Amino acid sequence: MENFLQIKWIARKNVSRSVFSSCYVGINYGTQFSASPSADQVVALLRRQSITNIRLYDANGTILQALAHTGIQVMVTVPNTELLSVGQSNASAVNWVNTNVLAYLPATNITAICVGTEVLTTDPNAALVLVPAMKYLRVALLASNLSANIKISTSNDASLILDSFPPSQAYFNKSLTSSILVPMLDFLNSTGSFFMLNIYCYDIYKKSNGVILLDYALLNPITPDNVVTDSNTLFQYHNLFDAVLDACYFALAQLKYSTLPVVISEAGWPSGGDSSDKEATDENASTFISNLIAHVLNNSGTPKRPHTTVSMYIMELFNEDLKVSSASAKNYGLFNGSTLHPIYSLRLSNAGPLLANDTTTQLYCLAKSGASQDELQIALDWACGIGRANCTAIQPGQLCYEPDTVQAHASYAFNNYYQKNNRVSGSCDFNGVATISTTNPSTGVCMYPGSSSNGTSNLTSANTMANFTSGNSTNLTTADGNSNNTSSSTSLLYGISSFSLSPFHILFSLLVVLSFTSLF
């Protein structure tokens, strides 16, 4: 998943799954909307939000070019409309790979190809060529020595699983089992790939007409009386997501694919809809996504597969108002396509900088424990000087002067710089001596920007960093609300005079400051 290992063609039993030992939370990017952010703006948004994995519903060349040199792992898609062509011959598949994959490697980090979207439940004609298309694409990748780095799969709707409650009695649609499903699962297993499943808890909740509790669907805490027990296994389910995922695991086990990894290709909650969508609200969408991300990242797994990691793509980056579908299906976006601002705030914890688009999750940039004192001092000088962090609070006699250590002062300066730059990706590194933390370092009267009394917005324009590092003469406002003029003589004076440095150290610091300037 994060770095695909080389996979050999082996029997479908006893396949090594060490490659799936860690999980990620990615996002889907559909383009059926009237807003028109540029590809560069979209990629800048992804990077600001620390999104490491993205799934495209096609292989759009403009966005693939914009993703070059970002390191973001990209899953491209063969649209259903192109599936018949790709599934006709090896030559067609080779042409597709050459045009939509090879043309962008290695600059763009393409790691997977999704062959069609929900083909088995929405496009019966294309379903007949699904497995041939996957095999042809695999041959094309093998010919280019890419098969170890790029996996092939296809997304599946949860409706493919029948009789899904209790989960232990779930099975796949038998009309598709022998003709398509088993050959497809055999292909996925033998190539070290994964089964892709779309889970729409909102749709399942809505169709239940009140049978399913809203809190159960939202992954909220529920009372013991509302915990759902599988009568066959006595597994207890505290949320709908785990129940659906376990139904998939049981269905796979019934066909002897109990070790095949599952990736959640789509999961989300709409923030709007029509008059029938009473629970499609900003608050519920925020609750579901926040709870789901926390659930996935804590690696707790499900009752059937405890502590088994599962990766997920959130549905989706932007609302798609031009999508030909229900009103709620058009409102799964996290961000407004016109302003690139969050549609609602998330409440994340222990997710690091991922999707830091909310003001309730506090992130801090702190000096790394064990970092060299000399390196910390140099980074501190840069932050308080050229970086224009507001370092007033850590000068003698001020609220955050104690403890009078390079470690503590560097943490305050790093965090001030990080918050002032709206926590943009890359603003908490300082040549490797800083790290992001969710632990509030504030003590007594020393309040760090980013703590509850100093919440800041997490979004910033793409050129914000340049304004802080180019030396332009502007008057800026720091995260703690203090105006900070671009004149950095006071900050530089603090950074050098507060600690008795030798002339050599000062000269060395200035040389490293110059190297920092080129990095930011």
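Preceding this paragraph is the structure being described.
Rules used in this analysis
Residues numbered from 1 in each chain as written. Predicted model: local features only at pLDDT ≥ 70, side-chain atom pairs only at ≥ 80, totals over all residues. Heavy atoms only, no water. Disulfide = S-S within 2.5 Å. Helix = DSSP H or I, 4+ residues; strand = E, 2+ residues; numbered from the N terminus. Buried < 20%, exposed > 50% of the residue type's maximum accessible area, 1.4 Å probe, protein only.

**Comments concerning the state of the cysteines**
Item 1. All told, the structure shown has three disulfides when counted by the stated rule.
Item 2. Two residues share a disulfide in this structure: Cys-365 and Cys-428, whose sulfurs sit 2.1 Å from each other. Taking the torsion about the S-S bond as the criterion, the Cys-365 to Cys-428 disulfide, at about 90°, is right-handed. Of this pair, Cys-365 sits in strand S13 (residues 364–367) while Cys-428 sits in the loop between helix H14 (406–420) and strand S14 (434–437), and the two are 63 residues apart along the sequence. Both residues of the pair, Cys-365 and Cys-428, belong to the buried class.
Item 3. Here Cys-400 engages in a disulfide with Cys-446; their sulfurs sit 1.9 Å apart. Because the sign of the S-S torsion sets the handedness, a value of about 110° for the bond joining Cys-400 and Cys-446 places this disulfide among the right-handed ones. Pair noted here: Cys-400 is in the loop between helix H13 (373–384) and H14 and Cys-446 is in the loop between S14 and helix H15 (464–469), with a separation of 46 residues, a long-range link. Pair check on accessibility: Cys-400 and Cys-446 agree, each one buried.
Item 4. Here the disulfide map of the protein chain reads 1-5, 2-3, 4-6, the bonded cysteines being numbered as they appear in the sequence.

**Description of unusual backbone geometry**
Item 1. Residue Pro-166 is reached from Phe-165 by a cis peptide bond, and omega for that bond is 0°.
Item 2. You can see Pro-166 is positioned in the loop between strand S6 (161–162) and strand S7 (171–172).
Item 3. A cis amide bond links Glu-402 with the next residue in sequence, Pro-403, at an omega value of 0°.
Item 4. By the element assignment, Pro-403 lies in the loop between H13 and H14.
Item 5. With a phi close to 65°, Leu-219 is a non-glycine residue in the positive phi region.

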